[in-house]
Each structure stands twice: as C-alpha cells, then as structure tokens.
Amino acid sequence: MFNETYKLSNGVEIPKLGLGTWLLDDAQTAQAIRDAISIGYRHIDTAQAYMNESGVGEGIRSCGVAREELFITTKVAAEAKTYDAVTKSIDESLAKMGLDYIDLLIIHSPQPWTEFREENRYFEENKEAWKAMEDAYKTGKVKAIGLSNFLQDDVENILESCEIMPMANQILAHVSNTPLDLIEFCQKHDILVEAYSPIAHGAVLDHEEVKVIADKYGVSVAQLCLRYDIQLGLVAIPKTANPDHMRNNAELDFVISDADMEALKNVEPIQDYGEHRFFPVFGGKLK
C-alpha cells in the first residue's frame, strides 16, 4: 500500500494512504511519525489548528528518512481570510516544522469554524486567501495547493478567478457519509479528493451491516472503510498514534466487489459521532 500513489494535476505524486495527526499533542505527534515512518508511511497530514506542527517537524528530523521521501500536508487556519494573514501563516508553519517547503498546503475551511456552514460564505475572502496560496506555490514554498471542507459552490468560487487550479479538496468522506456528488464534481475538474476521518472516528466500527461485509473479506471494519475510500479514488488519512493500528490500516490488499461498493455507498448515515460530535465537521457547533 505504501508504494501506491495518485498524481495531482501538476504532476506531484501523493501517497494514497496517509497518517492523520488531529488531536495529538507535539510529543505524541513526533512519536507517531517516527512509528509510522518505520512501518512504511511516507504521507503525514497536520494543520495549524492541530497545534502540533512543531511535533511534526521533530518527527521528521528524527525519523531517519530523508525529507524528500516524505509528503507533508498542513492547512492554513480557517480564520485566516486575508492575503497577509495567509502569507504570514505559511511562513509560521514552515518555521514551526523547520521545513524549506510544504508538499501540500490546504485552506482548512471556507469559513471560520465558529461560522462553519452559516450564511456568510466568505467568497471574496477565500479568493484573496487563494491568491496568497498561489504566490507561495510560485515561490516554491509549497509544492501543491488545495482546499478542505469546500462545498461545490465554494470550489466554483475559486475556479472562476484562480490562476492556478486547486489540486485537492480534503473532506469528510467515509462509509455512511459519502458526498458522491461533490466527489464527482471535484474529480471532473481534476481535483483529487482526500478523505479525513475515513473510519468516522470509530463511529462506524459497530455498524452491523458494515461488519457483515468486512467479515466476508476477512478484514476489519476499519480496513474495509479505508479500502472503500481508496476504491472511490480518494486519499485516505486515518488518524492514530497506535503502531498496531498503523500496520493494520495499511493491510489493504483486497478488492471490494462492485455490488458491495454500492451497498457501502448506501449505508444509512451516522447520526452521532460520539465524543467528537461537537466539532463543526461532524455537525456540531464550536462556541
């Protein structure tokens, strides 16, 4: 699995499987990266909002693998909506991680988290933020640029005026919550879709219908969910600090049948993400 990649629209290769670091502190992140890279991972995903970019940098420096063999993604804070704020944030991320460049830089959300999916869509502000992203790309600070949590009209807003097309859109996409229309729209425009929380933060693990299909292939529900996203043409970014889970998440050398893919696409949506339900991306509301 570790050798399998997609090619972004600018030719940059990105591993199909990555390691997410959300909710890990600096020390946990550094150790998780060392463990993951020793297992074979080469794709690490973080964000300014995770407050662990320093840990990412420490993990990279101490992992024993050359920087150029790694693919590092970070995300501009959702609240940065001016050219200057985005430019400053890019430099801050590079400094915190101690890197000369970022492989993929993403706008974390089309709106500040406290206004996520509300009436103000920040269309003009996102165009200004995107201009800063384009300029960072032109100067080599970043090798690819993209979006996260952008709906179709949010993406169209960027497309109508951008000089450089978005190369990725990282969204919530898992069994029981697969935005197929958005995925199809992005893929039609050569925008690679990345799936965060591909195992629904564990909320899908006890789903009986999904368990039956996983048992049919002799795999875990987590493995089935990751394979599902990859067969949809998505990058899967499961988050874990557990080396055993890292290994299991990479054991995906099976193929889900077309009939079972259809069944998984139609699994009833999860209504409760448990302890994570209050986060905006899971339908909650930060105060």
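Criteria and cut-off values
Residues numbered from 1 in each chain as written. Predicted model: local features only at pLDDT ≥ 70, side-chain atom pairs only at ≥ 80, totals over all residues. Heavy atoms only, no water. Helix = DSSP H or I, 4+ residues; strand = E, 2+ residues; numbered from the N terminus. Rg over C-alpha atoms; globule rule 2.2 N^0.38 Å. Buried < 20%, exposed > 50% of the residue type's maximum accessible area, 1.4 Å probe, protein only. Contact = heavy atoms within 4.5 Å. Areas by Shrake-Rupley, 256 points an atom, 1.4 Å probe, with all protein chains shown as cover. Axes fitted to C-alpha atoms, helices over the stretch in contact; angles between N-to-C directions. Parallel < 35°, antiparallel > 145°, perpendicular 65-115°, else oblique. Nonpolar A, V, L, I, M, F, W, Y, C, P; charged D, E, K, R; others polar. UniProt positions renumbered as here; feature names shortened; annotations may be inferred. 1 Å grid on protein atoms, 1.4 Å probe; cavity = no way out; pocket = protein on both sides within 12 Å on 5 of 7 lines; lining within 4 Å. Points joined across faces, edges and corners; volume = space filled by probe spheres on them. Right-handed = clockwise from strand over helix to strand, strands pointing away. Pairing = 2+ DSSP bridges.

**Overview of the overall build of the chain**
So, step 1. Each helix and strand counted, the chain has 10 helices and 10 strands in total.
So, step 2. For a compact globule of 287 residues, the expected C-alpha radius of gyration is about 19 Å, and the chain comes in at 18 Å, within 12% of that figure.
So, step 3. With respect to the three principal axes, the spread of C-alpha positions in the chain is 50 × 45 × 40 Å.
So, step 4. Out of the 287 residues belonging to the chain, those deemed buried represent 55%.
So, step 5. If you take every contact in the chain between residues at least 6 apart in sequence, the share linking residues at least 24 apart comes to 73%.
So, step 6. Here the chain displays about 12,200 Å² of accessible surface, and carbon together with sulfur accounts for 48% of that area.

**A short note on the packing of helix H8 (residues 221-231) against helix H10 (residues 258-265)**
When two helices pack together, you describe them by how their axes are tilted relative to each other and by the distance separating the axes.
So, step 1. The interhelical angle for the contact between H8 and H10, taken along N-to-C directions, is 100 degrees, at an axis separation of 11 Å. Relative to H10, H8 is oriented roughly perpendicular. Between H8, through Leu-224, Tyr-228 and Gln-231, and H10, the contact on the second element is made entirely by Met-261, Leu-264 and Lys-265.
So, step 2. Across the contact of H8 with H10, the residue classes tally to four nonpolar, one polar and one charged.

**As for the UniProt feature "binding site: substrate" (unreviewed entry) in the chain**
So, step 1. Mapped onto the present numbering, the UniProt feature "binding site: substrate" (unreviewed entry) falls on His-108.
So, step 2. Residue classification places His-108 among the buried residues on the basis of a relative accessible area of 7%.
So, step 3. When residues no more than four places from it in sequence are discounted, the contact partners of His-108 are Ala-47, Ala-49, Tyr-50, Lys-75, Val-76, Ala-77, Ala-78, Trp-113, Ser-148 and Asn-149.

**As for the layout of surface pockets**
So, step 1. Its boundaries defined by the atoms lining it, the largest pocket holds a volume of some 790 Å³.
So, step 2. As for the largest pocket, its lining consists of 37 residues, and the residues nearest its centre are Trp-22, Leu-23, Ser-197, His-201 and Lys-239.
So, step 3. Residue contributions to the lining of the largest pocket peak at three residues, all from helix H9 (residues 243-249).
So, step 4. Split by residue class, the lining of the largest pocket holds 19 nonpolar, 15 polar and three charged.
So, step 5. By volume, the second largest pocket amounts to about 260 Å³.
So, step 6. Lining the second largest pocket are 18 residues; nearest its centre among them are Arg-117, Leu-172, Asn-177, Tyr-196 and Val-281.
So, step 7. Broken down by class, the residue content of the lining of the second largest pocket amounts to 13 nonpolar, four polar and one charged.

**Thoughts on the UniProt feature "domain: NADP-dependent oxidoreductase" (unreviewed entry) in the chain**
So, step 1. Here the UniProt-annotated "domain: NADP-dependent oxidoreductase" (unreviewed entry) positions come out as residues 16-267.
So, step 2. Summarising residues 16-267: 43% helix, 13% strand, and an end-to-end C-alpha distance of 24 Å.

**Topic: the pairing of strand S9 (residues 192-196)**
Here is the key point about a regular strand: its side chains alternate between the two faces of the sheet.
So, step 1. With five of five residues buried, S9 lies mostly within the body of the structure.
So, step 2. Taking every second residue as pointing to the same face, both faces of S9 are buried, with Leu-192, Glu-194 and Tyr-196 on one and Val-193 and Ala-195 on the other.
So, step 3. In terms of handedness, the path from strand S8 (residues 168-172) via helix H6 (residues 180-188) over to S9 forms a crossover that is right-handed.
So, step 4. Here three bridges tie S9 to strand S10 (residues 235-237), and the two strands are oriented parallel to one another. Paired with Glu-194 across the strands is Val-235, a residue of S10.

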